[in-house]
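# Tertiary structure, described
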Amino acid sequence: MYFFDNSPKKPKRVLLRLIFLFILASCSLLFFPRLLFCTSSHLCPLFYSFEAEEKLQVLQFGTRVPCSSPIPNNTMCCDRSAFRSDVCFMRGDVRTQSYSKIILLYPGNNASIPAPATEERIRPYTRKWETSVMATIDELRLTAGTGGGGGGCDVRHAVPAVVFSAGGYTGNVYHEFNDGIIPLFITSQKFNRRVVFVVVDYHNWWFTKYGDVLSGLSDYPPLDFFGDSSTHCFPEAIVGLRIHDELTVDAEQMENNKTIFDFRRLLDDAYQPRIRSLEYDEQQTSPWPSMDIAKQHNSPSSYTPKLVIVSRNGSRAIENEVELVKLGEEIGFIVEVLRPDRTTELAKIYRALNSSDAMIGVHGAAMTHLLFMRPGSVFIQIVPLGTDWAAKTYYGDPAVRMGLWYVGYKILKRESSLYREYDRSDPVLTDPRSVAKKGWHVTKRVYLDRQNVNLDMNRFRKHLIRAHKYLASKKRIKHGKEK
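Predicted model, so just to flag it, every value in this text is computed and none were measured.

### Topic: the state of the cysteines
Evaluated as defined, the whole model comprises two disulfides. Note on cysteine connectivity: Cys78 is disulfide-linked to Cys88, with sulfurs 2.1 Å apart. Judged by the torsion about the S-S bond (110 degrees), the Cys78/Cys88 disulfide is right-handed. Taken together, the residues span a long stretch of sequence, with Cys78 in strand S2 (residues 75-79) and Cys88 in strand S3 (residues 87-97) at a distance of 10 residues.

Below, the structure is given as structure tokens:
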């Protein structure tokens, strides 16, 4: 038998313990006094994140407090931590001074401590990483304290203000929703319409176009920041808009767990009154055709799903669109071709897509109208050469988050009009990624502005048949539950 006697090693263990205690005591002399006697974050750099202070900065008459909602009275907070946008919060006596591009947090006579003149600057638009477009957005100065002066209030409001810019890429329907309307919903819906929109880069046409939606977010007329020289006073203001991702509302980032489906309900409430008016007018003029189509579309026994083809003029057009319509009808769809332009009333587009079961369109801004589709509908996006990433990121992923049955139909080289213009071995056809590395202007010129599609109907037929089977099966299941 072998016996292992550990007794000779005990002195070594004791020695190791003494060394460990000595090291621990040395570290305590170095670090503990800083922890025990620090009274200011500026004196305790080892235990304080200056990066966090820079990103979330609140001023309460010279005192820093946490940037949370709601912020304390007489405070100003700027959150610059997000990649897409900066957002500032002001609470107290908030006043507009449009002639000097200032929004002032005025201390008044009730401030217990004189307020130092402190200033933040912000361009209230949701694409802060794009320096070129941000340079076109007016910069506002947010002043806390007496530095900005303090005239009287011409108009005093009892509700908060949300300040944002309607400039930038406004005019493109994708950006109007992604950079404006959805962030406005994210930022303002918690006020339950008791909020005033103060708009930098105000456009009358924009408010005419989106008036139905905006009235679902605010009970008050919007304020043109630069067009109204009066001093407007608010108890609170949010300057800038929150934005989560492409065409989406992230419930985890919302105070009340709202989702993109809540945004869609906002659209439904906004457009339904106008849709009912359109339907009434049509019934007065020609009731029977529309009623027959509706009966055919909704009847469980003879269900015929409705397919909307979003047509494009100019670039990225479907060259054999007529054949696509015939194919859809042959498979068993009621086919409607929608040709929206900048003057098309949104309620009419919403009506067409909200009543549809499937939508087909070539990648482009008009695919933003997927927001108008009911969850469970089919969205087939035709993806031209060189647009794979953008098609998936801007429309494919949002469609899935919205509960749509999404198909990204990537065209073959021979289905592109570029196939007729370039040599078969040209990188434009064989390696679009290498072309994209030359810059956005090259991608836009080659793949967006000069490319049409000519669909291989035998290839595309398979996707349409699968879509039709899916919709018919969904309808049968729904009908079975209703019995």
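### Points about helix H4 (residues 173-188)
Of all 16 residues in H4, 16 are buried, a share of seventy percent or more. The N-cap residue of H4 is Asn172: its side-chain oxygen and the backbone nitrogen of Tyr174 are 2.9 Å apart.

### Thoughts on the environment of Ser229
Positionally, Ser229 belongs in the loop between strand S10 (223-224) and strand S11 (232-239). The exposed category is assigned to Ser229, whose relative accessible area is 61%. In the structure, Ser229 is positioned 130 residues away from Tyr99 in sequence and 6.6 Å away in space, judged by C-alpha atoms.

### Let's talk about helix H11 (residues 388-401)
Helical geometry: 3.6 residues make up each α-helical turn, so side chains three or four residues apart lie on a common side. Between the first and last C-alpha of H11 there are 18 Å, a value that for 14 residues agrees with the 20 Å anticipated at 1.5 Å per step. A bend of about 30 degrees at Tyr395 is the largest found in H11, and the proline Pro398 appears one to four places after it. Turning to H11, its buried residues are Ala390, Ala391, Thr393, Tyr395, Gly396, Pro398 and Ala399. Elements that come into contact with the buried residues of H11 comprise H4, strand S15 (378-383) and strand S16 (405-410).

### Quick word on the nonpolar core
Grouped together as the largest cluster of nonpolar side chains are 58 residues, with contacts concentrated most on Phe177, Phe263 and Leu371. Counting residues per element, this core draws most heavily on H4, which supplies eight residues. Not counting the four nearest positions on each side in its chain, Phe177 is found in contact with Ile182, Pro183, Tyr210, Leu247, Phe263, Leu267, Thr368, Leu371 and Phe372. Counting 35 residues, the second-largest nonpolar core is a separate cluster that includes Leu324, Tyr409, Tyr422 and Val435.

### Concerning the confidence of the model for the protein
In low-pLDDT regions, the fine details of the predicted coordinates are not to be read closely. Taken over all residues, the pLDDT of the protein has a mean of 84, while the share at 70 or more is 78%. Contacts of residues 1-11 to residues separated by more than four positions or lying in other chains number zero contacts, the stretch itself having pLDDT below 50. Confidence drops under a pLDDT of 50 for residues 60-66, and excluding neighbours within four residues, the segment shows 21 contacts in the predicted structure.

### Regarding the packing of aromatic side chains
Across all of its chains, the model carries 20 aromatic pairs by this definition. Between Phe177 and Phe372 the ring centres are 6.0 Å apart and the planes differ by 75 degrees, which places this aromatic pair in the edge-to-face class. Taken together, the residues Phe177 in helix H4 and Phe372 in the loop between strand S14 (358-362) and S15 connect sequence positions 195 residues apart. Like Phe372, Phe177 is buried. Pairing Tyr271 with Tyr350 gives two aromatic rings, centres 5.2 Å apart and planes at 40 degrees, and the pair type is tilted. Residue Tyr271 is found in helix H7 (residues 260-285), and its partner Tyr350 is found in helix H10 (residues 346-354); the two are separated by 79 residues along the sequence. Take Tyr271: its relative accessible area is 1%, and that puts it in the buried class. Ring pairing ties together the aromatic residues Phe164, Phe177, Phe197, Tyr202, Trp206, Phe207, Tyr210, Tyr271, Tyr350 and Phe372, which thus form one cluster. The ring of Tyr419 has Arg424 lying over it, and the distance from NZ or CZ to the ring centre is 3.9 Å.

### Quick look at the pairing of S3
Buried residues dominate S3, accounting for 10 of its 11 residues. Here S2 runs beside S3; their pairing, made up of five bridges, is antiparallel. In the strand pairing of S3, Cys78 is matched with Cys88. Strand direction decides the pairing type here: S3 and S11, joined by six bridges, are antiparallel. Bridge pairing in S11 places Arg91 opposite Glu236. Sheet topology places S3 next to strand S4 (residues 102-106); five bridges connect them, and they run antiparallel.

### Examining the pattern of salt bridges
By the definition in use, this model includes 30 salt bridges. A salt bridge links Lys128 to Asp86; its shortest N-O distance comes to 2.6 Å. Of this pair, Lys128 sits in the loop between strand S5 (118-122) and helix H3 (131-134) while Asp86 is found in the loop between S2 and S3, placing the two residues 42 residues apart along the sequence. Using a relative accessible area of 26% as the deciding quantity, one classes Lys128 as partly exposed. Close ionic contact of Arg265 with Asp262 constitutes a salt bridge, the shortest N to O distance being 2.6 Å. Of this pair, Arg265 and Asp262 both sit in helix H7, separated by three residues, roughly a single helical turn. Note on Arg265: relative accessible area 48%, which makes it partly exposed. According to the relative accessible area criterion, Asp262 is buried, its value standing at 16%.

### Considering the packing of H4 against H7
Closest axis-to-axis distance for the H4/H7 pair is 10 Å, and the angle between their directions is 95 degrees. When the axis of H4 is compared with that of H7, the two are roughly perpendicular. Contact residues: Phe177, Ile181, Ile182 and Phe185 in H4; Ile260, Asp262, Phe263, Leu266 and Leu267 in H7. Residue composition of the contact of H4 with H7, grouped by class: eight nonpolar, no polar and one charged.

Scoring rules and cut-offs
Residues numbered from 1 in each chain as written. Predicted model: local features only at pLDDT ≥ 70, side-chain atom pairs only at ≥ 80, totals over all residues. Heavy atoms only, no water. Disulfide = S-S within 2.5 Å. Helix = DSSP H or I, 4+ residues; strand = E, 2+ residues; numbered from the N terminus. Buried < 20%, exposed > 50% of the residue type's maximum accessible area, 1.4 Å probe, protein only. Polar contact = N/O pair within 3.5 Å; in protein donor to acceptor, adjacent residues only side chain to side chain. Expected span 1.5 Å × (residues − 1). Bend = angle between axes of the 7 residues up to and from the residue. Contact = heavy atoms within 4.5 Å. Core = buried A, V, L, I, M, F, W, Y, C linked by side-chain atoms within 4.5 Å. pLDDT = per-residue confidence, 0-100. Phe/Tyr/Trp six-rings, centres within 6.5 Å; stacked < 30°, edge-to-face > 60°. Lys NZ or Arg CZ within 6 Å of the ring centre and 35° of its normal. Pairing = 2+ DSSP bridges. Salt bridge = Lys/Arg side-chain N within 4 Å of Asp/Glu carboxyl O. Axes fitted to C-alpha atoms, helices over the stretch in contact; angles between N-to-C directions. Parallel < 35°, antiparallel > 145°, perpendicular 65-115°, else oblique. Nonpolar A, V, L, I, M, F, W, Y, C, P; charged D, E, K, R; others polar.

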